[in-house]
Amino acid sequence: KQEVTQIPAALSVPEGENLVLNCSFTDSAIYNLQWFRQDPGKGLTSLLLIQSSQREQTSGRLNASLDKSSGRSTLYIAASQPGDSATYLCAVRKSRTASKLTFGTGTRLQVTL
Amino acid sequence: DTEVTQTPKHLVMGMTNKKSLKCEQHMGHRAMYWYKQKAKKPPELMFVYSYEKLSINESVPSRFSPECPNSSLLNLHLHALQPEDSALYLCASSQYGQIEGTEAFFGQGTRLTVV
């Protein structure tokens, strides 16, 4: 059974810092991995999708990397802003035809002024 | 347009009520999902519809009844719920199967409170 863990569970940083969020999964046989952000009481916003054949994806100040063999992904946020404060979730999909996403435990990020 | 629209945003219902949650997408996605999320926990999969057919039921109690009337709409019918069913209910959609990517898009959720 796939288990996905995110460390740290919570993080508080001052504005402007670069930061790294971690996602670990126990079964390396994945099809893709997706990073989401969730504001309190709201839905999930897709940030980046990285296929198992890719090493990284970038969107603006965000960069996600994937090391499938070691079961790890990182989300790098450059020059953090208060508007980045949210919970960040990673989720893995087992195969192309698999419907289920297995979510990580989430990291609650607070960026302070 | 990468939008998944859920209605209502908030719902308060008694344990004897019948209500429905609605979800709509116009991205041509043929897989649609219901997730349940409790506070400070990750979303948990409830149901998956693929090509309008129920393909996954994660052992959800029968007081939750999903329906997919067409490729753009997904409903969740609620009846005789318990207070512990109070949660954020999220709808999602994605391409299915053979198409590269299968990025999932989520709606803003329905905050359900059972009293």
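Everything numeric here is computed off the predicted structure, so don't read it as measured data.

Novice: Is there a simple way to think about the overall build of chain B in this case?
Specialist: Along chain B, the regular secondary structure elements total zero helices and 11 strands. In chain B, the succession of α and β elements from N to C terminus is β-β-β-β-β-β-β-β-β-β-β. In terms of overall size, chain B behaves like a compact globule, its C-alpha atoms giving a radius of gyration of 14 Å where 115 residues would be expected to give roughly 13 Å. C-alpha atoms of chain B, sized along the principal axes, occupy 45 × 25 × 20 Å. Long-range pairs, those at least 24 residues apart, make up 54% of the contacts in chain B between residues at least 6 apart in sequence.

Novice: Got a minute to help me understand the pairing of strand β9 (residues 86–93) of chain A in this structure?
Specialist: Moving residue by residue along a regular strand, the side chains alternate between the two faces of the sheet. All names here are of chain A. Within β9, eight of the eight residues are buried, which leaves it mostly tucked inside the rest of the structure. With seven bridges connecting them, strand β4 (residues 32–38) and β9 associate as antiparallel partners. Paired with Q34 across the two strands is A91, which belongs to β9. In this sheet, strand β11 (residues 107–112) lies alongside β9 in antiparallel orientation, the contact comprising three bridges. Each bridged residue has a counterpart across the sheet, and for T87 the counterpart in β11 is R108.

Novice: What should I look at first to understand the side chain of Q37 of chain B in this one?
Specialist: Along the chain, Q37 of chain B turns up in strand β4 (residues 31–37). In this structure the side chain of Q37 of chain B is engaged in a polar contact, spanning 2.8 Å, whose partner is the backbone oxygen of K41 of chain B.

Each value, and the rule that gives it
Residues numbered from 1 in each chain as written. Chains lettered and ligands numbered in written order. Predicted model: local features only at pLDDT ≥ 70, side-chain atom pairs only at ≥ 80, totals over all residues. Heavy atoms only, no water. Helix = DSSP H or I, 4+ residues; strand = E, 2+ residues; numbered from the N terminus. Rg over C-alpha atoms; globule rule 2.2 N^0.38 Å. Contact = heavy atoms within 4.5 Å. Buried < 20%, exposed > 50% of the residue type's maximum accessible area, 1.4 Å probe, protein only. Pairing = 2+ DSSP bridges. Polar contact = N/O pair within 3.5 Å; in protein donor to acceptor, adjacent residues only side chain to side chain.

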